[in-house]
Amino acid sequence: MDKRAKIFLTLFLTYAFFTNTYLTTNDASRFSLTAAIVEEQTFVIDGYLDTVISDWWFAKDYAVFNGRRYSDKAPLGSFLGVPIYFVVRLFTSDFGILAYFVSLFTAGVTTAAAALLIYRFGAEFTANSGVRTGLALAYGMASMPLFYGTVFFSHAFTAFFGFASFYLLFRYRKQGGEKNLALAGVSSAFAVASDYYAGLIAIVLFFYAASISRKKAYIFLLAFLGGISLLLAYHRAAFESPFAVPYLYSNLFSKFHTEGFYGVGLLSWKIIMNLISQLFSKWGFFFTTPFAILSLAALPRFSKTHLRETLAILSIASGLFYFTAVLGFFDAYSTRHLVPLVPFLFIPLYSIDFEKPSTGILFAMVFIIGAGINLLGVDTFLPKVTELATKNTMAGNNNLFGQFLMSRGINIHYLSLAPLFLFYLVFWRHEILQGTRHLFRSG
C-alpha cells in the first residue's frame, strides 16, 4: 500500500476511534449553523443550539443580532460540514450520529490532510520516505492536533489551510507557477474564515510571498481578497455589514472582547505569566507537543539553507504566542489557539540528521512520549460530566470501544485502547520491525 494511503488511513481510523458523538459549548454553535443551513436554509441557529448541545453543557457560545441567535464562530467549519450533514441526514435525524460524521469528515480529514502535506513537503528536503512518514504520523498522533482532529472545533481547518498556503508559496519559490501563488492566497483567506486570528498567519505569508517576488505578490493578495469576500458576504447576510464579525454580538463579548481590539490588548506582566503557563505547564503547549522543542532546536540549522522560511515560521510563532498570551487560556485541551502553528514547526525537523542512530532513538522516544500524552489527553478531556467524573467511570472510555462496553455495563478503563494499539502493530508491523533492526544494527 502507498505510504500516503497508509498514513491517511491510520490517522483517519484513529480519529474515528475517538470522535465525539456529543457537542460542547464550542462545537454546538458551529454545528448548529451547519444544521440550520441544511434544514432551513438560514443562518439563524435558534431552533438548534439548545437541541444539539449535550445535556451536561449549557449554550453560551452564540451571537445575538436583532433578537435572534447566530453562531459566534468564524463560519468556514460550519460550511465545510454542510455536505457531510446533508448526506448523513438522508439516513438519520439523530444529532449524535450527525455530529460524529460531520466532525470526523471535517476536522478528522483535514488533520490527516495536514499530516499528508508534511509528508509531501518533506520531499523538498529528503528522499527518505521513512523520515517523512515518521514526521507525518508524529504530527497526527504524537502532537496536540490529535485531539483537535476528533472534535468539531475550528483549529484543524485553520491549521490545514494556513499550512497549505505556506506549502504552495514554497512550491512557487522552488518551481514557479502563478497558480501556486493564487491558491496560496485563497488558502490563507480560508484560514481566516476558519479563525479570525489567522489573519496573523495571512499577513506573515503575504510578506513571505513578497520576499519571493515583489512583482508577483499582488497575485497572492488578489486571490486572498477574492477568498475573503466570501467571508464578508456571510457577515453581510447574517449581520447586515461585511465588517461586523460575530464576536461583536457575542454572548461572551463583555467577558472576553471589550478591552483592546476584541480582547487583544497590550502585553503586561500578568499576560506574560499567562503565556508561560500556557507554554510550559502540565498539558501546556510543549507538554502536549514535545516535537516543538526539537523544532526550535533545529531552527538554527534549518535557517542556514532556508532563512526566508525560518523567518516566516518565527513570525507566525511570535504572532500566535502573543495572541495566546492576551486571550488564550485552558478551556478545552492544551493551548488550542496554537494548533495552527504546529504543522509549521514540523518543517525545520527535516534539517535534522536522521542517519545518526542517536537521532533515531531520540525521535522514537519523543514519538512514544508525545503519542502517550495525546492519546491519554484525547481519552480524558471534554466529557465534564460531573456525576460520572466523580465516580471515575469515564477514565479511558472516551472512545467508541469504551462507550460500547460501558453501554453494556463493562468498564475496562484504558484497556479499551487495546484494539487501536493492535491495529497499529498489525498495520505497521513491517516498518516497526525494519526500524528496530536498523537501530540495533547502527548501535
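Residues numbered from 1 in each chain as written. Predicted model: local features only at pLDDT ≥ 70, side-chain atom pairs only at ≥ 80, totals over all residues. Heavy atoms only, no water.

Colleague: Got a sec to walk through the overall build of the protein? Specific residues and values, please.
Modeller: Within the protein, the secondary structure is distributed over 22 helices and two strands. A globule of 443 residues ought to have a C-alpha radius of gyration of about 22 Å, and the protein, at 22 Å, matches this closely. By its C-alpha atoms, the protein is 70 × 65 × 50 Å across when sized along the principal axes. Sequence-distant contacts, at least 24 apart, represent 75% of the contacts inside the protein between residues at least 6 apart. Across the protein, 33 positive and 22 negative side-chain charges occur, with their mean positions spaced 11 Å apart. (Helix = DSSP H or I, 4+ residues; strand = E, 2+ residues; numbered from the N terminus. Rg over C-alpha atoms; globule rule 2.2 N^0.38 Å. Contact = heavy atoms within 4.5 Å. Lys, Arg positive; Asp, Glu negative; His and termini not counted. Charge placed at Lys NZ, Arg CZ, Asp CG, Glu CD.)

Colleague: Please provide a residue-by-residue account of the side chain of Asn398, values included.
Modeller: Tracing the backbone through its elements, the reader meets Asn398 in the loop between α19 (386–390) and α20 (400–406). The class of Asn398 is buried, set by a relative accessible area of 5%. (Buried < 20%, exposed > 50% of the residue type's maximum accessible area, 1.4 Å probe, protein only.)

Colleague: Account for the nonpolar core, naming residues and giving values.
Modeller: Counting residues in hydrophobic clusters, the biggest one holds 145 residues, and the most contacted among them are Phe285 and Phe291. In this view, Phe285 contacts Met144, Gln278, Leu279, Ala292, Ser334, Thr335, Leu338, Leu341, Val342 and Leu345; residues no more than four positions away in its chain are not counted. (Core = buried A, V, L, I, M, F, W, Y, C linked by side-chain atoms within 4.5 Å.)

Colleague: Kindly report on helix α11 (residues 217–239), identifying the contributing residues and their values.
Modeller: With 23 residues, α11 extends 32 Å between its outermost C-alpha atoms, agreeing within 8% with the 33 Å of an ideal straight helix rising 1.5 Å per residue. Along α11, the sharpest change in direction is near 25° and occurs at Ser229. Those residues of α11 lying buried are Ala217, Ile219, Phe220, Ala223, Phe224, Gly227, Ile228, Leu231, Tyr234, His235, Ala238 and Phe239. Just downstream of α11, Glu240 is the residue with a positive phi angle, here 65°. (Expected span 1.5 Å × (residues − 1). Bend = angle between axes of the 7 residues up to and from the residue.)

Colleague: Which residues make up the pattern of salt bridges, and what are the values?
Modeller: For the structure shown, the criterion picks out 10 salt bridges. Notably, a salt bridge pairs Arg89 with Glu39, separated by 2.7 Å at the nearest N-O pair. Placement of Arg89 in helix α4 (residues 76–89) and of Glu39 in helix α2 (residues 25–40) is noted, with a sequence separation of 50 residues between them. In this structure, Asp331 engages Arg336 in a salt bridge whose closest nitrogen and oxygen atoms are separated by 2.8 Å. (Salt bridge = Lys/Arg side-chain N within 4 Å of Asp/Glu carboxyl O.)

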